[in-house]
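Chain and residue survey
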Amino acid sequence: MACALTQGYNLDCREGIGGLKEVYIIELANVSAITEASGIVTGITKATGKRFWKYSLVRETSSSTETITANTQNGTVYYAQQVQIILNKKQASVRNEVMLLAKNNLIIVAVENTGKAWLYGRVNGMTMDTGSLESGTAWGDRNGYTLPFTGQEEELAPEVTEALISTLETAG
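A brief look at the structure comes next.

Each value, and the rule that gives it
- Residues numbered from 1 in each chain as written.
- Predicted model: local features only at pLDDT ≥ 70, side-chain atom pairs only at ≥ 80, totals over all residues.
- Heavy atoms only, no water.
- Helix = DSSP H or I, 4+ residues; strand = E, 2+ residues; numbered from the N terminus.
- Rg over C-alpha atoms; globule rule 2.2 N^0.38 Å.
- Pairing = 2+ DSSP bridges.
- Axes fitted to C-alpha atoms, helices over the stretch in contact; angles between N-to-C directions.
- Phe/Tyr/Trp six-rings, centres within 6.5 Å; stacked < 30°, edge-to-face > 60°.
- Lys NZ or Arg CZ within 6 Å of the ring centre and 35° of its normal.
- Core = buried A, V, L, I, M, F, W, Y, C linked by side-chain atoms within 4.5 Å.
- Buried < 20%, exposed > 50% of the residue type's maximum accessible area, 1.4 Å probe, protein only.
- Contact = heavy atoms within 4.5 Å.
- Salt bridge = Lys/Arg side-chain N within 4 Å of Asp/Glu carboxyl O.

1. Remarks on the overall build of the protein
Scanning the protein from terminus to terminus reveals two helices and eleven strands. Beginning at the N terminus, the succession of helices and strands in the protein can be written as β-β-β-β-β-β-α-β-β-β-β-β-α. At 17 Å, the protein has a C-alpha radius of gyration in line with the 16 Å of a compact globule built from 172 residues. Along the first, second and third principal axes, the C-alpha set of the protein runs to 60 × 40 × 40 Å.

What follows is the structure, given as structure tokens:
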């Protein structure tokens, strides 16, 4: 059987924490190859002069989610991916970049607060189909952007090695 199980799962230490601390974003068209084996990405080939852009995130605001979507009657399964980032403080430079993000098909590397990183939109890309800019009401409310990116892939997001993270902002 091609989909035979290969391992079980044991409880581990309780040391997990939630949330994202940063994301790296590039246009899908500017990635020509991804080196991955057994769910771990060790290399990303970028087009000449192209790079990932780093977005630092405010703690406890941004997240990633993968939803397993299967249909027994049709014999199908795919993975719906979402990365939602929050950017505080409405300003012209961020506004201009948000409009570019909304027009593109993207690859996103999301780095969790645990230090682990995951690659979303590997084959089909991630798009921003909705989003919002809020002024807030009270003085303590957020003034900024809520940007949800969604995608659909045939596999769950692979893990990205720590060594590779340090090269994402280097131009190809």
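Next comes the rest of the write-up.
2. Observations regarding the sheet that holds strand β9 (residues 132–134)
If you walk across this open sheet you meet the four strands as β5-β6-β10-β9, and the pairing is antiparallel. Two strands bound the open sheet, and with one partner strand each, they are β5 (63–71) and β9. Averaged over all neighbouring strand pairs, the angle between strand axes comes to 15 degrees, with direction disregarded. Taken together, the ten bridges between strand β6 (residues 76–88) and strand β10 (residues 144–153) define a ladder with antiparallel strand orientation.

3. Some points on the packing of aromatic side chains
This model, assessed by the stated rule, comprises zero aromatic pairs. The ring of tryptophan 53 carries the charged tip of arginine 51 above its face, separated from the ring centre by 3.8 Å.

4. Observations concerning the nonpolar core
The biggest cluster of nonpolar side chains holds 21 residues, and the ones touching the most others in it are Val23, Val83, Ile85, Leu87, Leu101, Leu147 and Phe149. Among residues more than four places away in sequence, those in contact with phenylalanine 149 are Gln81, Gln82, Val83, Ile85, Leu101, Leu106, Ile108, Met126, Thr127 and Met128. Within the second largest apolar cluster, 16 residues are counted, among which are Ile107, Ala117, Val160 and Leu168.

5. What to know about the pattern of salt bridges
If you walk through the whole model with that rule in mind, you get five salt bridges. Lysine 54 is the salt-bridge partner of glutamate 22, the closest N and O atoms lying 3.4 Å from each other. Pair noted here: glutamate 22 is in strand β1 (residues 20–27) and lysine 54 is in strand β4 (residues 53–56), with a separation of 32 residues, a long-range link. The exposure class of glutamate 22 is buried, given its relative accessible area of 13%. One salt bridge in this structure joins arginine 122 and glutamate 36, with 2.7 Å as the shortest N-O distance.

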